[in-house]
Amino acid sequence: MSLFHLLALLPAVAQGFLQPASLSGPPSVLTSSTSAHRRITKCSMSADDDNGDDDSIDPNSLGDWRTFRMNLANSGLSSTSTSSVDGIDLEESEESSAVVSTAAEAKPSSTRPKSVSKKNEQLLSTQNSALAEEYRNGVWAHESAIPEVGGLVCRLPLEAEIYRGDPNSDMHKKLHDYLNSEEYGGQGTDFSIPDTLASAASTGGAASASAPASSSAGIIERSEEDSPISEDDDDATFSALAANTVYWYRGAEKLLKNELLKITSSANSNGRIDADNLDSGSLELLQLYMDHQQSWQEVCLVVDKDERTGSASTLTINRPMAFKLSESLGRLVLFGALAADGKGSVNYREKDGMDTQNVVKFLGAFENECGVYVGGPDDMDKPAVMVHGIDDLPGAVEISPGTGIYKGGLEAACDGVLSGKYKPLDFRFFIGHTKYEGGELDEAVSLGKYQPVACSRPLVLKQCIQLPKPLWHEVLEFCGGELKEISKLELAKRDDLQ
């Protein structure tokens with residue numbers, strides 16, 4: 001088996017992990033954060049498994065529970081301690097409850113930002129003024145314990161995946177052994193933060209350049225696009241969280257670089273690597289790397305999830321495919337890729353004259369302006385899924401009660417655009433989706449691959465058309481905490497964004 005083609009994909013390892021070339025254009029402190037992450041997911045999954053048919057609840061009877069939970073999260077009651085996350089009690093001792101209660105009463109946690117990119121807001125205003133107003137008046141996002149319909153799952157960096165991931169995996173063990181080693185920082189087994197990693201909140205929570213974690217762990221500058229620091233922020237807590245994140249992230253970054261260089265050094269004179277000569281840890285890393293390249297910084301909307309069977313479906317909402325329609329692409333969106341020639345055009349045998357009329361009508365409405373996205377690798381030969389936020393559109397169905405996110409109603413959408421009632425960019429079209437079976441999505445979350453996020457609908461419904469700040473960074477920064485710090489570290493790798 002030859003892997004030289006695979007390793008040719010490795011982008012300048014010494015510079016860290018950047019976005020794949022084809023795509024150009026997560027909670028608490030160290031050991032406690034990874035264990036808490038796994039406890040949250042397992043607790044949530046076991047709770048779902050225990051529910052019988054008699055325990056079903058009508059979602060309509062719950063009221064606006066998403067807004068309630070958002071307000072609860074912003075109050076700090078669900079994020080003051082790892083003993084309670086997203087409403088799930090991880091520890092039932094009276095002592096831990098008292099500590100959480102006292103801390104919450106003494107001082108609420110810092111509020112999440114209300115804005116993370118004025119340029120993104122300005123762009124949205126030109127595309128959809130009503131959605132932009134909704135965004136300005138109440139956009140929000142916070143991390144969640146499990147994926148839920150109407151919420152997001154965000155692909156985490158490879159550094160975070162191996163740090164949070166399966167405790168039995170070779171790479172996870174290597175990383176935590178490395179973070180404990182004298183070679184990295186000499187911190188022993190308690191993961192105490194080096195004094196030289198302390199940083200002021202005014203620097204955005206970055207480590208100083210003298211940090212033993214990495215000579216490249218320089219200061220991350222705060223830009224005009226960053227949200228201002230709240231007056232309620234606890235500088236000590238903020239800095240400790242940021243320093244911890246930088247500490248394990250830089251350690252993971254350095255370990256990955258060393259491991260990949262070790263693999264590439266085993267190539268023969270022809271640049272080929274024999275997989276049979278690689279150990280299990282190297283093979284695991286290559287698999288993780290390949291998967292990470294395929295799904296780099298994905299932001300996916302969960303459109304379906306069956307807790308009993310473990311099946312789920314997501315749409316990747318930040319992989320734009322086209323912003324205008326050709327006749328061929330229009331047929332692809334309407335009918336699916338039942339047949340395509342080598343030139344990429346769709347050859348569709350229309351059943352009757354109605355199909356031709358539908359194509360003409362669709363192109364008349366969306367030919368000059370249309371947001372088409374690659375929703376995922378599955379069922380890409382099927383007609384596209386149309387997503388929007390119009391509650392009274394005939395034929396539309398809300399994906400989950402209370403989300404305000406709808407799919408379907410294409411005929412009415414075409415009529416509305418042609419009449420001037422709606423604008424083409426009020427709608428998003430997704431070709432393909434990602435299917436999960438047997439709890440695969442929950443497992444991906446448990447292994448640190450994806451971070452579930454609950455959010456307000458403007459983040460889902462707005463177009464991802466040349467965003468000044470990419471959607472992945474926007475969502476993570478709205479979540480705050482460790483996710484915001486991870487976003488900053490990833491953003492520092494890029495020289496294509498200002």
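**Student:** Outline the overall build of the protein chain, supporting the account with residue identities and numerical values.
**Tutor:** Regarding its fold elements, the protein chain presents 17 helices and 14 strands. For the protein chain, the proportion of its 498 residues judged to be buried stands at 52%. Split by element, the accessible area of the protein chain, about 22900 Å² in all, is 51% carbon and sulfur.

**Student:** Describe in detail the sheet that holds strand 6 (residues 312-316), supporting the description with residues and values.
**Tutor:** Ordered by their spatial adjacency, 6 strands build an open sheet running 3-14-4-5-6-13, and the pairing between neighbours is antiparallel. Every interior strand has two partners, whereas the edge strands, strand 3 (141-143) and strand 13 (434-436), have only one. Direction aside, neighbouring strands of the sheet carry axes that sit 35° apart on average. Where strand 3 and strand 14 (residues 450-455) come together, 3 bridges link them in antiparallel fashion. Bridge pairing in strand 14 links His142 to Ala454.

**Student:** So what about the packing of aromatic side chains? Which residues, and what values?
**Tutor:** Evaluation of the coordinates by the stated rule reveals 11 aromatic pairs. When the ring of Phe366 is compared with that of Phe427, the centres are 6.0 Å apart and the planes differ by 85°; the resulting orientation is edge-to-face. Separated by 61 residues along the polypeptide, Phe366 in helix 12 (residues 353-366) and Phe427 in strand 12 (residues 427-431) bring together distant segments of the chain. Per residue, the accessibility class of Phe366 equals that of Phe427, and both read buried. For the pair Phe366 and Phe429, a centre-to-centre distance of 5.2 Å together with 85° between the ring planes defines the contact as edge-to-face. Within this pair, whereas Phe366 is found in helix 12, its partner Phe429 is found in strand 12, the two being separated by 63 residues in sequence.

**Student:** So, the nonpolar core: which residues are in play, and what are the values?
**Tutor:** One finds Leu152, Ile162, Leu301, Val453, Leu459 and Leu471 to be the most contacted residues of the largest nonpolar core, which totals 72 residues. With 9 residues, the top contributor of residues to this core is helix 9 (residues 235-264). Setting aside residues up to four positions removed in sequence, Leu459 forms contacts with Tyr135, Val139, Trp140, Ala141, Ile317, Leu471, Glu474, Val475 and Phe478. Core analysis: the next-biggest nonpolar cluster, separate from the first, contains 26 residues, Ala322, Cys370, Ala384 and Tyr422 among them.

**Student:** Mind laying out the environment of Val445, listing which residues take part and the relevant values?
**Tutor:** As for its placement among the helices and strands, Val445 is situated in helix 14 (residues 440-446). Taking C-alpha positions, Val445 is 8.4 Å from Val153, a pair spaced 292 residues apart along the chain.

**Student:** Requested: an account of the pattern of salt bridges, with residues and values cited.
**Tutor:** According to the stated counting rule, one finds 20 salt bridges in the structure shown. Linking Glu259 and Lys174 is a salt bridge whose minimum nitrogen-to-oxygen distance equals 3.2 Å. Taken as a pair, Glu259 in helix 9 and Lys174 in helix 8 (residues 170-180) lie far apart in primary sequence, 85 residues in all. Exposure remark for Glu259: the relative accessible area of 10% places this residue in the buried category. The exposure class assigned to Lys174 is partly exposed, which follows from its relative accessible area of 26%.

**Student:** Pulling in residues and values, what's your account of the sheet that holds strand 12?
**Tutor:** One key point about sheets: their strands pair by backbone hydrogen bonds, in either a parallel or an antiparallel sense. The mixed open sheet is built from 6 strands, whose spatial order is 7-8-12-9-11-10. Two strands close off the open sheet at either side, each with one partner strand: strand 7 (320-322) and strand 10 (397-398). In this structure, strand 10 lies alongside strand 11 (residues 406-407), joined through 2 bridges in antiparallel fashion. Across the sheet, Glu398 pairs through a bridge with Tyr406, a residue of strand 11. Those strands touched by helix 11 (residues 327-335) are strand 7, strand 8 (371-374) and strand 12, and its axis lies near 80° from that of strand 12.

**Student:** How would you sum up the packing of helix 8 against helix 10 (residues 280-294)? Please name residues and give values.
**Tutor:** Packing of helix 8 against helix 10 leaves a shortest axis separation of 9 Å and a crossing angle of 100°. One finds that helix 8 runs roughly perpendicular with respect to helix 10. Of the residues in helix 10, those touching helix 8 at Asp170, Met171 and Lys174 are Ser280, Gly281, Glu284, Leu285 and Leu288.

**Student:** Which residues make up the pairing of strand 9 (residues 385-388), and what values go with them?
**Tutor:** Here strand 9 pairs with strand 12 via 4 bridges, running antiparallel. Its bridge partner lying in strand 12, Met386 is registered against Phe429. Bridging between strand 9 and strand 11 involves 2 bridges; their strand directions are antiparallel. Residue Val387 lies in a different strand from strand 11, and its bridge partner there is Lys407.

**Student:** Help me get a handle on helix 10, residues and values and all.
**Tutor:** In this model, helix 10 (15 residues) spans 21 Å end to end at C-alpha, consistent with the 21 Å of a helix rising 1.5 Å per residue. For helix 10, the full list of buried residues reads Gly281, Ser282, Glu284, Leu285, Leu286, Leu288, Tyr289, His292 and Gln293. The residue sitting at the N-terminus of helix 10 and contributing the capping side-chain oxygen is Asp279; that oxygen lies 3.2 Å from the backbone nitrogen of Gly281.

**Student:** How would you summarise the state of the cysteines if you had to cite specific residues and measurements?
**Tutor:** Across all of its chains, the model carries 0 disulfides by this definition. Cys370 forms no disulfide, and the closest cysteine sulfur to it belongs to Cys414, at a distance of 9.2 Å. Judged by relative accessible area, which is 5%, Cys414 ranks as buried.

**Student:** Describe helix 13 (residues 410-419), and please don't skip the residues or the numbers.
**Tutor:** Of the positions making up helix 13, those classed as buried are Ala412, Ala413, Cys414, Gly416 and Val417. Gly420 sits one or two residues past helix 13 and shows a positive phi near 90°.

**Student:** Hey, could you go over the environment of Leu156 for me, with residue numbers and the actual values?
**Tutor:** Summarising the element assignment, Leu156 is placed in the loop between strand 4 (152-155) and helix 7 (158-164). Accessibility expressed as a relative area gives 1% for Leu156, which makes it buried. Spatially, the C-alpha atom of Leu156 lies 7.9 Å from that of Trp296, the residues being 140 residues apart in sequence.

Rules and cut-offs
Residues numbered from 1 in each chain as written. Predicted model: local features only at pLDDT ≥ 70, side-chain atom pairs only at ≥ 80, totals over all residues. Heavy atoms only, no water. Helix = DSSP H or I, 4+ residues; strand = E, 2+ residues; numbered from the N terminus. Buried < 20%, exposed > 50% of the residue type's maximum accessible area, 1.4 Å probe, protein only. Areas by Shrake-Rupley, 256 points an atom, 1.4 Å probe, with all protein chains shown as cover. Pairing = 2+ DSSP bridges. Axes fitted to C-alpha atoms, helices over the stretch in contact; angles between N-to-C directions. Phe/Tyr/Trp six-rings, centres within 6.5 Å; stacked < 30°, edge-to-face > 60°. Core = buried A, V, L, I, M, F, W, Y, C linked by side-chain atoms within 4.5 Å. Contact = heavy atoms within 4.5 Å. Salt bridge = Lys/Arg side-chain N within 4 Å of Asp/Glu carboxyl O. Parallel < 35°, antiparallel > 145°, perpendicular 65-115°, else oblique. Expected span 1.5 Å × (residues − 1). Polar contact = N/O pair within 3.5 Å; in protein donor to acceptor, adjacent residues only side chain to side chain. Disulfide = S-S within 2.5 Å.

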